[in-house]
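Letter by letter, the chains look like this.
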Amino acid sequence: MATAARLARAGLAGQYMVYETEGGVWHFAAGSAVSVSAHANGITARAAGRTWTADTDGHPLTALAAALSALRDTGGTGRHFYGWAAFELAHLLHADAEATGDDTLLHVLVPSVEVTLTGDRTLVRAVDEAWARKVADLLAESPARRGAPEELSPDRTEEIVATGAAAYGRTVARAVADIRAGLLEKAVVSRKIPLPAEPRVDFSETYLAGRRANTPAPSYLMDLGGYRAAGFSPETVLEVGEDGRVSTQPLAGTRARGSRPGGERAQERGTARGPQGDTRARGVRTSGLGGDGGRVPPRLPGGGGVHGGACGSVQHLASRVTGALRPGAGPWDAFASLFPAITATGVSKRDALRALARHEPGPRGLYGGAVFRGSTGGALDAALVLRTFIGAGDEAWLRAGAGVTTQSSPERKIEETCEKLRSVAPYLRFAEDRPDTR
């Protein structure tokens, strides 16, 4: 983890991503052998001075899959790719949701160099010898000493966590009114928490501090396609293996963890029951690969289960369901069917998207979207963007949401978002005045 963060700080290229996968394996990717970006009006791919475009008539991710296939051998490597999908990509994936603006909705990078770090092995892949040598020299260097980064005081952390709470409570009340009127069953309503502009956020140090204190599904650190992010996602959108097996792991129910170790088991049972009905049943239902309209290409779930688990200072109920891709379907078909995660939107997904457009000010961007790593052989590992520090331009922020139903109270939903924010906000770190070094 520390080596991956050091590679990120080294400034090897204008774009990079660190992505942690299951089993404690960290991947670092940098440079731009191939880049693919999707907008509301089409897809643009660039490599080796060449540009390809495709419209998004029909299925936008089909066009993306075709672009990746055409470009996979361009520039040498191309075996793996990294990227992110903004929440608003949902507007292109749902026929009756309006696609707005021309912001980048999805960005994919096929790196010039990739480093895979395990406990006892380091593997470097590169488009040429120059990239390989640059990384090898960097790995051979002794890490430079860095001063302790600035942290927030507990009081300042609580001030940040409470930002916008009253306005959020009013938003929750409006969403409850929509649900009681029969417009939808559930909405996951979120609030944005601006972070101090000065001193600036040190994303690599924030990532290290937060990862040491959280046990995420995947974690990630990136500066890619206009977004900077350090995240510790408790949930995956999906994982697809090159053998066509598909898995998804949504969460349902959130509580602050108890302070007494002996009470965790009882609290887990309480989370399963939940204050809003049978949370365990909701977890199974929202995890189904049948999704929110029967469009998911996987067939016959091959197994699954529901269990409680902790992530930082909060506890969730997690579901795991597996299946297999239908003949002729690929990983992007599965992604399109499951994205955005129902646990980030609500039910039904289309109705929830409309409700969020009415009640949340402005687009979510990266929050509620996905950060992913995949291969041209058909693998795709996509993390839901939650518990994530996000930056773009001169701004940086956190965001947290809570599921709202007919029984929800604004006070409880405010506290739930505070609980989620407290699982990451204390690990915010700020850059020193001097330039960042290894």
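Note: the structure precedes this text.
Now for a look at the structure at hand. Not measured: the values here are computed from a predicted model.

Remarks on the pattern of salt bridges
Within the structure shown, the criterion is met by 15 salt bridges. The salt bridge involving Arg-211 is made with Glu-20; its shortest N-O contact spans 2.8 Å. With Arg-211 in helix α7 (residues 203–213) and Glu-20 in strand β1 (residues 16–21), this pair connects stretches of sequence that are 191 residues apart. Exposure remark for Glu-20: the relative accessible area of 4% places this residue in the buried category. Note that Arg-125 is salt-bridged to Glu-114, the shortest N-O span being 3.3 Å. Linking Arg-125 in strand β9 (residues 122–126) with Glu-114 in strand β8 (residues 113–117), this pair joins segments that are 11 residues apart in sequence. Looking at Arg-125, the relative accessible area reads 22%, which means it is partly exposed. Here the salt bridges do not stand alone but share partners, grouping Glu-114, Arg-125 and Arg-373 into one network.

Focus on the sheet that holds β9
Strand order in the open sheet formed by 10 strands is β9-β8-β2-β1-β12-β13-β22-β23-β11-β19, and the pairing between neighbours is antiparallel. If you trace the sheet from one side to the other, it starts and ends with β9 and β19 (346–347), each paired once. Bridge count between β1 and strand β12 (residues 219–224): five bridges; the pairing is antiparallel. Along β12, the bridge assignment pairs Glu-20 with Ser-219. Taken strand by strand, helix α6 (residues 165–180) contacts β11 (186–194) and β23 (395–404), and its axis lies near 165° from that of β11.

Focus on the environment of Val-404
Locating Val-404 in the fold gives a position in strand β23. When its relative accessible area of 0% is taken as the criterion, Val-404 is described as buried. Considering only alpha carbons, one finds Val-404 and Val-172, 232 residues apart in sequence, at a separation of 7.0 Å. Sequence-distant contacts of Val-404, defined by excluding residues within four places in its chain, comprise Val-172, Ala-175, Val-176, Ile-179, Glu-185, Lys-186, Ala-187, Val-189 and Lys-413.

So, the nonpolar core
Counting residues in each nonpolar core, the largest one holds 58 residues, and the members touching the most others are Leu-89, Leu-238 and Phe-335. If we skip the residues at most four places from it in the chain, Leu-89 touches Leu-61, Leu-105, Leu-106, Phe-335 and Phe-339. Membership of the second largest hydrophobic core comes to 55 residues, among which are Trp-26, Phe-28, Val-113 and Val-135.

About the cut-offs
Residue indices follow the written sequence of each chain, beginning from 1 at its first position. Totals for whole chains, interfaces and linings use every residue, but because this is a predicted model, local features are given only for residues with pLDDT of at least 70 and side-chain atom pairs only at 80 or more, for both listing and counting. Values reported for side chains reflect all heavy atoms of the structure, with hydrogen atoms and water molecules removed beforehand. Criterion for a salt bridge: a side-chain nitrogen of Lys or Arg within 4 Å of a carboxyl oxygen of Asp or Glu. For the purposes of this entry, the term helix denotes a DSSP run of H or I that reaches at least four residues, the term strand denotes a run of E that reaches at least two, and both are numbered from the N terminus. Three labels apply to residues, based on accessible area from a 1.4 Å probe with only protein chains included: buried if under 20% of the type maximum, exposed if over 50%, partly exposed otherwise in between. Paired strands, in this sense, are two strands between which DSSP finds at least two bridges. Contacts are assigned to residue pairs that have any heavy atoms within 4.5 Å of one another. An axis is simply a line fitted to the C-alpha atoms; with a helix, the fit covers only the stretch in contact. Between two such axes, the angle follows the N-to-C directions and lies from 0 to 180 degrees. Nonpolar cores are built from buried Ala, Val, Leu, Ile, Met, Phe, Trp, Tyr and Cys residues. Side-chain atoms within 4.5 Å join them into one set.

Any functional reading would require information beyond the geometric quantities listed.
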